[in-house]
Amino acid sequence: MSSVTLPSSIPVYDPNAAATAAAAKSGNTLGTSPEALQDNFMKMLVIQMKNQDPLNPADSSQFTSELAQLNTVKGIETLNAQFTSFLSQVQATNFLNSASLVGQRALVAGNTLAYAGAAVEGGATLASDAASVKVTISDANGKVVDQLDFGSASAGKVAFSWDGVTTDGSKMPVGLYTFAIAAADANGKVVAATANTNVEVASVQRSATGANLALADGRVIASTDVLEWTK
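Notes on the structure in this doc start here. (Residues numbered from 1 in each chain as written. Predicted model: local features only at pLDDT ≥ 70, side-chain atom pairs only at ≥ 80, totals over all residues. Heavy atoms only, no water.)

Observations concerning the overall build of the protein
The following threshold applies: Secondary structure elements follow DSSP: runs of H or I of four or more residues count as helices, runs of E of two or more count as strands, with numbering from the N terminus. Three exposure classes are used, based on accessible area relative to the maximum for each residue type with a 1.4 Å probe and protein chains only: buried under 20%, partly exposed in between, and exposed over 50%. Should any heavy atoms of two residues lie within 4.5 Å, those residues are considered in contact. The Shrake-Rupley method, run with a 1.4 Å probe, gives the accessible areas here. Residue values count only the displayed protein chains as cover.
Scanning the protein from terminus to terminus reveals three helices and eleven strands. Starting at the N terminus, the α and β elements of the protein follow one another as α-α-α-β-β-β-β-β-β-β-β-β-β-β. Counting the 231 residues in the protein, one finds 27% classified as buried. Here the contacts in the protein between residues at least 6 apart in sequence split such that 65% fall between residues at least 24 apart. Summed over all atoms, the accessible surface of the protein reaches about 14,500 Å², with 57% contributed by carbon and sulfur.

Written out as structure tokens, the structure is:
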């Protein structure tokens, strides 16, 4: 008894599936560069055209649309590559310009004093007016070596200079010291004081985000952390 093939069981021709199968058979792989993407796209397009249903060919506008999409992708990839190159050039230029900062003095947040035999400068930013501002300087072991009394000060930046001489008149050795600032208003209420130091830039280091500054007190900070450049 002969069998009859029902219309629903007749395979439907799919040009996209045929193109994919042909590409897989040829061992074609996609690259990541704009040139590789364009080359692979053209190969796929040719395969798609070869395997399209002759009784129902694809509309030419479809190929035009696909080409336009390819050009858009290629343009974005090229733009990204150019921007990356431009960014690298800008960072290199900024790093070279930052080299001129070596030896300059920068006002940065912190309470470290790098004493090298000459007077060192520190300070603070007061949140409001203070009737009393006192500075306590300590050595690396936390021992108090000097105390300074500045009396009253207005809100904003206040600065002091320490010559390395202790309260009893002796000269301290070269090294790192720290200081603490205590400020209060006329009623004895504590006034917030953020410690600042005026420190020399020892060297400039290159980083992925730009230039970092190595300070004389051993710290490394981003150039954007500098509050003020001083002489």
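We are not done yet, so read on.
Side note on the nonpolar core
Our working definition: Side-chain atoms within 4.5 Å are what join buried Ala, Val, Leu, Ile, Met, Phe, Trp, Tyr and Cys residues into a set we call a nonpolar core.
Of all hydrophobic cores here, the largest spans 20 residues; its most connected members are Leu113, Leu126, Ile137, Trp162 and Tyr177. Those elements giving two or more residues to this core turn out to be β2 (112–115), β3 (120–126), β4 (130–138), β5 (144–153), β6 (156–162) and β7 (175–184). Filtering out sequence-adjacent residues up to four positions away, Trp162 remains in contact with Leu113, Tyr115, Ala119, Val120, Ile137, Val145, Asp146, Met172 and Tyr177. Ranked by size, the runner-up nonpolar core spans eleven residues in total, among them Val199, Val201, Ala211 and Ile221.

Focus: the environment of Leu176
Structurally, Leu176 can be placed in strand β7. Overall, the relative accessible area of 44% leaves Leu176 in the partly exposed class. Note: C-alpha distance between Leu176 and Gly218 (42 residues apart in sequence) is 9.1 Å. Excluding residues within four positions of it along the chain, Leu176 makes contact with Thr112, Leu113, Ala114, Asp139, Ala140 and Asp217.

Some details on the pairing of β3
The condition is simple: Pairing between two strands requires that DSSP report at least two bridges joining them.
The buried fraction of β3 is high, at five of seven residues. Bridge analysis of β3 against β6 gives seven bridges, and the strand direction is antiparallel. Bridge pairing links Gly123 to Ala159 in β6. Pairing analysis gives six bridges linking β3 to strand β8 (residues 193–207), with the strands arranged antiparallel. Within the sheet, the bridge partner assigned to Ala124 lies in β8 and is Ala195.

A closer look at the packing of aromatic side chains
Counted only if it meets this: Stacked, tilted and edge-to-face pairs are distinguished by plane angle, under 30 degrees for stacked and over 60 for edge-to-face with tilted covering the rest, among Phe, Tyr and Trp rings (Trp via its six-membered ring) whose centres lie within 6.5 Å.
Counted by the stated rule, this structure contains five aromatic pairs. Ring geometry for Phe160 and Phe179: centres 5.1 Å apart, planes at 80°, overall edge-to-face. Taken together, the residues span a long stretch of sequence, with Phe160 in strand β6 and Phe179 in strand β7 at a distance of 19 residues. Put simply, the rings of Tyr115, Trp162 and Tyr177 pair up and form one aromatic cluster.

Some thoughts on the side chain of Ser138
Relative to the elements of secondary structure, Ser138 occurs in strand β4. If near-sequence neighbours (up to four positions away) are discounted, Ser138 is found in contact with Lys143, Val144, Val145, Tyr177 and Thr178.

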